[in-house]
Amino acid sequence: MEKHRTMTTIKGDFFGAVSAATINLPMAIGYGITGFFALGNDFIPQAVILGVNATIFSCLFTALFSGTPSLISGPSGPLTVVLISIVAKLQDTIAPFTYLQNHYALVVGSAALCLMVGGLLQSFLGFFRIGSMVKYVPFPVISGFVNGIALSLILHQLPNLMGIDISYKFVDVIRFLHSTDPATLSIGIFTFGSVILARHYISNLSPPLFGLLAGTTAYYLMHAALPAAVSGRVIGDIRIDLLKTAFVGVSWRAFDLKLAASVLPEVLFFGLIICLISSVETMMSSAAIGYRTGDRYDSNKDLVGQGIGNVAAAFFSAMPASGSLVRSFANLNSGAKTRWSGVMCSLLILLIFLIARHYLGRIPLTVLAGVIIAIGFSLFDLSEFFLLRAALRSKKLNRDIALNLMINLTVIVLTVAVDLILAIIVGILITTANFVIKTGKSVVRRKFRCNQVQSKRVRNIKQIQFLQEHGNKILVVELQGPLFFGSAEEVAREIDVSNHDAQYIVINMKRVSEIDVTGTRYLLQIHDSLKKHGKTLLISHIWEGDRLWDALSYADAIDKIGRDNFFLDMDRALEYAEDQILYGGLIEIPDREYALSEMDIFTGFSEEEMKSVESRLLPETYKSGDVIIREGDRDRDLFMLVRGTVSVKVKLQSNRRERRLNSINAGVTFGEIALLDNKPRSASVVVEGDAMIYRLPYDNFLDLQLSEPNVANKLILNMALNLSTRLRLNTEEIKVLVEN
């Protein structure tokens, strides 16, 4: 049974390798010729060898070290266009060094150095498990980049497709249209059509290979029938000794210090670009394979493997490679299970190339052009254009869709007309600028006055009514997101516009994720401006040891604003501001003791009724930290707080920690819910500072009901009125918060 399973696995890996190789080899040849296009027609045979070498070594070492068993690596369209830019740039850099010999070797050797740097960086990203950083390139940039790559591949193949003997420049192609060879063009178009046909109707042969075979056959049949009509070029003689143009054959003596100084910045820069693009493609391919198989693979290990593959390829080529979805799916669909399918794929390509290299050299360039153009069309990502079509049909053009499409088109145009790297940079800059603008506009989450929304402190009716009349002196500004150079100015502007009649401005920073130097400076400016006009800035959700606290401390903002003006949460900041307003209106005097007759629960009581209740009350004093009521207790006593403050706390089930719900001021009754519904206490009540309380034991309340039911009913009615007043206040607060 085990032997049968092993043979089945080997058979599946072999057929998977064959399927992948039939796709990999034509792409290696086509991409090799395209990538080194700038070195001219004489370099085409060497370009084929470099493309095949890159495929063999990257496929072999990626298979051995990657985390996805069926991942097949090789040159790709995006990396080929990167190579075009690398070769062109290196040619311009090396051109002034006319005293150096072997121009081809210098360009290819420098490009191989770029590949080696890219591979090392790629392995570094994977080894330290930071490969996921490459996923933060915005999708419109990736989409535009892929579309620009596809268009560049197509345009670079037009001279070969049309039989025009010129170096690629689209303007030159237009100028030399009259030189098009009709027979060569017809063969290229036939090849293109064959690839498209195979993609839809032939499942047991890879479309590029079918197109290559069909186009080459048509070329030589036409050449036999009409020798004079067919004049298109072929690859040329591929000889093993041409390997000397690869990096391994570059003489170090050919380099001098001036050349090294000129090339080094480009080697590092293009190495980084190769690393990023190859990593994105490899991780996307790995994720797609995992989705297909239902397995989870280590994408960081894939980056290590692909990086090693690129470093190995740099010794025998200069062409970058990445994990390929098309090749990997062909491998997977043919039964591949293990990494040995990738090893066999690389060995098959090597064997085929060694045996058939003379025949490969006779492949017409127009046939290769037809295959690459077909591949180029398959690369196009039209998702953004489909979104635009849907938006136009609905007659509502979304701003974000329009912006994404603009980024997409900008990257496409710059990739084709100017430079690949500039296209990526511009696309990311536009996306970043849009992000800055959007986050800058949305930093103020909402604003409200405290005549409508008050703190959670439970106060008596007189205080509540006073705050409803004068609470507009407190302005709350809730912020969200990063408070940085793009958004801080808006906060200052909003406060400046809104604070004309406010005495206390509370900035709620609960949802602020970051604050930079500019944001800190604007907070100081707001504080200084308010202080000049006799107003106070309060800031909530910042505490010592917090990241935001540290950021403000570095700029000395904590001491300048005042440590007492920072609060753990917004409720404490509101309590402080409300207390100041109440003290200023002489509605509340700090630490004063209330007479029982001043309490809301005794509203409308006569002296006799008061005496009747007072005779049943027990005076009690507490110190800071004492627990008056414990959550879960079954007692039904009623408490009247005449001096001090207490906090209401609940125990969280998630982490067993206590959380403060609100606080209760002197002059307020608490404990009435348990007295009325006969259920366990829902929260604990803890003393803040010293406190004095009158307690009405439940047994004494029952005695009051029996002996003086009218007094007891009056007490219950006042409790109900107080609860309904607070409920209405809470309803109004919710309404205000929802509307804002």
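Turning our eyes to something else, we now look at the overall build of the protein chain. Secondary structure summary: the protein chain contains 26 helices and 13 strands in total. Looking at the protein chain as a whole, 53% of its 740 residues qualify as buried. The contacts in the protein chain between residues at least 6 apart in sequence include a share of 82% that link residues at least 24 apart.

Okay, the pattern of salt bridges next. On inspection of all chains with the given rule, the structure shows 21 salt bridges. Here Arg616 makes a salt bridge to Asp703, at a shortest N to O gap of 2.9 Å. Taken together, the residues span a long stretch of sequence, with Arg616 in the loop between helix H23 (607-614) and strand S8 (618-622) and Asp703 in helix H25 (residues 698-707) at a distance of 87 residues. In this structure Asp703 comes out as partly exposed when scored by relative accessible area, which is 38%. Counted as one network, the salt bridges with shared partners bring together Arg457, Arg459, Asp571, Glu575, Glu578, Asp579, Arg660 and Glu688.

Time to look at the packing of aromatic side chains. When we look at a pair of aromatic rings, we describe it by the centre distance and by the angle of the planes. Counted under the stated rule, the structure contains 13 aromatic pairs. The interplanar angle of 50° and the centroid separation of 4.7 Å between the aromatic rings of Phe124 and Phe128 together place this pair among those described as tilted. For Phe124, a relative accessible area of 43% gives the class partly exposed. Over the ring of Phe605 we find Lys714; its NZ or CZ atom is 5.5 Å from the centre of that ring.

Turning our attention to the nonpolar core. Core analysis: the biggest nonpolar cluster contains 83 residues, and Ile29, Phe36, Val52 and Ile235 have the highest contact counts within it. A total of 10 residues in this core trace back to one element, the largest contributor, which is helix H1 (residues 2-35). Sequence-distant contacts of Ile235, that is, excluding residues within four places in its chain, are made with Ile29, Ile33, Ile44, Pro45, Val48, Leu360, Gly361, Ile363, Leu365 and Leu368.

Next up on the list: the side chain of Glu266. Locating Glu266 in the fold gives a position in helix H9 (residues 257-293). Dropping the residues within four chain positions of it, Glu266 is found in contact with Lys89, Leu90, Thr93, Cys114 and Gly271.

Looking now at the packing of helix H5 (residues 139-162) against helix H13 (residues 365-379). The N-to-C vectors of H5 and H13 enclose an angle of 165°; their axes lie 8 Å apart at closest approach. The angle between H5 and H13 places the two elements in the roughly antiparallel class. As H5 packs across H13, the resulting crossing turns out to be left-handed. Across the interface between the two elements, Val146, Ala150, Leu153, Ile154, Gln157, Asn160 and Leu161 from H5 touch Leu365, Thr366, Ala369, Gly370, Ile372, Ile373, Gly376, Phe377 and Leu379 from H13. Partitioning the contact of H5 with H13 into residue classes produces 11 nonpolar, five polar and no charged.

This brings us to the confidence of the model for the protein chain. Here the protein chain averages 81 in pLDDT, and 85% of its residues register 70 or above. S8 holds the highest mean pLDDT among the elements of the protein chain, 94, whereas helix H6 (residues 170-175) holds the lowest, 60. A low-confidence stretch, residues 1-5 stays under pLDDT 50, and its non-local contacts, those more than four residues away or across chains, total zero contacts. Counting contacts from residues 245-253, a segment whose pLDDT is below 50, to residues more than four positions away or on other chains yields 22 contacts.

Looking at the element boundaries, Glu478 is found in strand S4 (residues 474-483). Residues within four places of Glu478 in sequence aside, it is in contact with Val443, Val444, Arg445, Arg446, Phe448, Asn508, Arg511 and Met570.

Within the secondary structure layout, Thr282 lies in helix H9. Ignoring any residue separated from it by four or fewer positions in sequence, one finds Thr282 in contact with Leu71, Gln122, Asp302, Leu303, Gln306, Ser322 and Gly323. Within polar-contact distance, the side chain of Thr282 engages the backbone nitrogen of Gly323 at 3.0 Å.

Turning our eyes to something else, we now look at unusual backbone geometry. Most peptide bonds adopt trans geometry, and most residues besides glycine take a negative phi value. Even without being glycine, His541 reaches a positive phi, approximately 65°. The residue His541 is located in the loop between strand S6 (536-540) and helix H20 (547-554) in this model. Phi at Asn678 takes a positive value of approximately 55°, unusual for a residue other than glycine. The residue Asn678 is located in the loop between helix H24 (672-677) and strand S13 (684-696) in this model.

Turning next to the state of the cysteines. Under the definition given, this model contains zero disulfides. For Cys345, which is in no disulfide, the shortest distance to another cysteine sulfur is to Cys59 and amounts to 4.0 Å. Residue class for Cys345 comes out buried when judged on its relative accessible area of 0%.

Quick look at the sheet that holds S6 now. Spatially, five strands are ordered S3-S4-S5-S6-S7 in an open sheet, and the strand pairing comes out mixed. For this open sheet the edge positions go to strand S3 (444-449) and strand S7 (566-567), each flanked by a neighbour on one side alone. Where S3 and S4 come together, five bridges link them in antiparallel fashion. What sits directly across from Arg446, in S4, is Glu478.

Both faces of the sheet carry side chains from a regular strand, because those side chains alternate between them. As paired strands, S4 and strand S5 (residues 504-515) are joined by eight bridges and run parallel to one another. Paired with Glu478 across the two strands is Asn508, which belongs to S5. On the question of chirality, the crossover connecting S5 to the parallel S6 by way of helix H19 (residues 517-532) is right-handed.

Here the focus is a nonpolar patch on the surface. Judged by side-chain polarity, Leu347, Leu350, Leu351, Leu354 and Ile355 come together as a nonpolar surface patch covering roughly 460 Å² of accessible area. Structurally, Leu347 can be placed in helix H12 (residues 340-360).

It is worth spelling out the environment of Glu608 at this point. Within the fold, Glu608 resides in helix H23. Judged by its relative accessible area of 58%, Glu608 falls in the exposed class. As for Glu608 and Val711, which are separated by 103 residues in sequence, their C-alpha atoms are 9.9 Å apart.

Okay, the packing of H5 against helix H7 (residues 182-201) next. It is at 7 Å that the axes of H5 and H7 come closest, and there the two elements cross at 125°. Put simply, H5 runs oblique to H7. Residues Asn160, Leu161 and Met162 of H5 lie in contact with H7, whose contacting residues are Thr184, Leu185, Gly188 and Ile189.

Cut-off values and rules
Residues numbered from 1 in each chain as written. Predicted model: local features only at pLDDT ≥ 70, side-chain atom pairs only at ≥ 80, totals over all residues. Heavy atoms only, no water. Helix = DSSP H or I, 4+ residues; strand = E, 2+ residues; numbered from the N terminus. Buried < 20%, exposed > 50% of the residue type's maximum accessible area, 1.4 Å probe, protein only. Contact = heavy atoms within 4.5 Å. Salt bridge = Lys/Arg side-chain N within 4 Å of Asp/Glu carboxyl O. Phe/Tyr/Trp six-rings, centres within 6.5 Å; stacked < 30°, edge-to-face > 60°. Lys NZ or Arg CZ within 6 Å of the ring centre and 35° of its normal. Core = buried A, V, L, I, M, F, W, Y, C linked by side-chain atoms within 4.5 Å. Axes fitted to C-alpha atoms, helices over the stretch in contact; angles between N-to-C directions. Parallel < 35°, antiparallel > 145°, perpendicular 65-115°, else oblique. Left-handed = near helix turned anticlockwise from the far one by under 90°. Nonpolar A, V, L, I, M, F, W, Y, C, P; charged D, E, K, R; others polar. pLDDT = per-residue confidence, 0-100. Polar contact = N/O pair within 3.5 Å; in protein donor to acceptor, adjacent residues only side chain to side chain. Disulfide = S-S within 2.5 Å. Pairing = 2+ DSSP bridges. Right-handed = clockwise from strand over helix to strand, strands pointing away. Patch = residues over 30% accessible without salt bridge, like charges linked within 9 Å, V, L, I, M, F, W, Y side chains within 5 Å. Areas by Shrake-Rupley, 256 points an atom, 1.4 Å probe, with all protein chains shown as cover.

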